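Letter by letter, the chains look like this.
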Amino acid sequence: IKRILYNTMTNNFLNLTVLPYRSLSKKGFKYLMIWVTSIFLGIGIFFWKIGAWPVFGFLGLDVLMLYYAFKINYKSGEIFENLRLLDKKFEITRCFPSGKQQTWDLEPYWLKAEITGQRNNKNLIIKSKEKIVLVGSFLNINDKKKLLKKIEEAIEKYKLKNNLVKNTAKRN
């Protein structure tokens, strides 16, 4: 069970968990494998009966390889990132399927988020002074834009709360 624990005594401007999108649920995967196995079993029996029995074994190998390819894909999809903007720091924690974690603490005063890159390879980066962190590399471009908007809104709230935004309105 994955839990997010944080101190509720501090001002929490942002607390997000970013997960990769999976279009096929585990239940859908089970039904897909039953369907593929049934079809390949029928085809394999046909080839066995006409004397081409090695085809049956190769079709079985195809089913096994498909199963393991999906299992590897689901395992890599267990990566997630936690983004937290608190009073004194912006914390990014990346959790890998192996249980290993990477954490970056950035200075919120200098914080800037942007999408960079070329046409088909856009990256969401978060900068603070000399530190640059790539966030949500497993997301599509539309989800990166939504995440960027949420991060920018949280930065704005942080700066307003801490009186870091200059008032540009003219005073009479």
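Here, every reference points to the structure presented above.
Asks: Any chance you could explain the side chain of glutamate 114 here in plain terms?
Replies: With respect to the helices and strands, the residue glutamate 114 is situated in strand S5 (residues 112-118). The exposure class assigned to glutamate 114 is buried, which follows from its relative accessible area of 19%. Aside from chain neighbours lying at most four places away, what touches glutamate 114 is Asn123, Leu124, Ile125, Lys127 and Leu148.

Asks: What exactly am I supposed to notice about the pairing of strand S3 (residues 90-95) here?
Replies: Every regular strand shows the same layout, with side chains that alternate between the two sheet faces. For S3, the tally of buried residues reaches six of six residues, placing the bulk of the element in the interior. Here S3 shows two buried faces, one formed by Phe90, Ile92 and Arg94 and the other by Glu91, Thr93 and Cys95. In the sheet, strand S2 (residues 80-85) pairs with S3 via six bridges, with the strands oriented antiparallel. By the bridge assignment, asparagine 82 is partnered in S3 with threonine 93. Hairpin connection of S2 to S3: four residues between the antiparallel strands. The pairing of S3 with strand S4 (residues 101-106) spans six bridges and is antiparallel. Looking across to S4, one finds that threonine 93 is bridged to threonine 103. Between S3 and the antiparallel strand that follows it, S4, lie five residues; glycine 99 among them carries a positive phi value of about 100 degrees.

Asks: Explanation requested: helix H3 (residues 141-161) in the structure shown.
Replies: Every α-helical turn comprises 3.6 residues, leaving residues that sit three or four positions apart pointing alike. Over its 21 residues, H3 runs 30 Å from end to end, which matches the ideal 30 Å to within 8%, given 1.5 Å per residue. The complete set of buried residues in H3 reads Lys144, Leu147, Leu148, Ile151, Ala154, Ile155 and Tyr158. The buried side chains of H3 occupy one side of the element, clustering within an arc of 130 degrees when seen end-on. Opposite its buried face, H3 presents the exposed residues Lys146, Lys149 and Leu160, each directed more than 90 degrees away. Tucked inside the fold, the buried residues of H3 contact strand S1 (14-18), S2, S5, strand S6 (121-128) and strand S7 (131-135). Residue asparagine 140 occupies the N-cap position of H3, its side-chain oxygen lying 3.1 Å from the main-chain nitrogen of asparagine 142. Of the residues flanking the end of H3, it is asparagine 163, one or two places downstream, whose phi is positive at about 55 degrees.

Asks: Can you help me understand unusual backbone geometry in this one?
Replies: Outside of glycine, negative phi angles account for most residues, and trans bonds account for most peptide bonds. Positive phi outside glycine occurs at lysine 129, with the angle close to 55 degrees. Relative to the helices and strands, lysine 129 is located in the loop between S6 and S7.

Asks: What's the story with the sheet that holds S7 in this structure? I'm lost.
Replies: Pairing between the strands of a sheet is mediated by backbone hydrogen bonds and can be parallel or antiparallel. Ordered by their spatial adjacency, three strands build an open sheet running S5-S6-S7, and the pairing between neighbours is antiparallel. On the outer flanks of this sheet lie S5 and S7, each paired with one strand and no other. Averaged over all pairs of adjacent strands, the angle between strand axes in this sheet comes to 35 degrees, irrespective of strand direction. For S5 and S6, the ladder comprises seven bridges, and the chain directions are antiparallel. Counterpart to lysine 112 in the pairing with S6 is lysine 127. Across the sheet, H3 lies against S5, S6 and S7, angled at about 155 degrees from S5, the strand it touches most.

Calculation notes
Residues numbered from 1 in each chain as written. Predicted model: local features only at pLDDT ≥ 70, side-chain atom pairs only at ≥ 80, totals over all residues. Heavy atoms only, no water. Helix = DSSP H or I, 4+ residues; strand = E, 2+ residues; numbered from the N terminus. Buried < 20%, exposed > 50% of the residue type's maximum accessible area, 1.4 Å probe, protein only. Contact = heavy atoms within 4.5 Å. Pairing = 2+ DSSP bridges. Expected span 1.5 Å × (residues − 1). Arc of directions from axis to C-beta. Polar contact = N/O pair within 3.5 Å; in protein donor to acceptor, adjacent residues only side chain to side chain. Axes fitted to C-alpha atoms, helices over the stretch in contact; angles between N-to-C directions.

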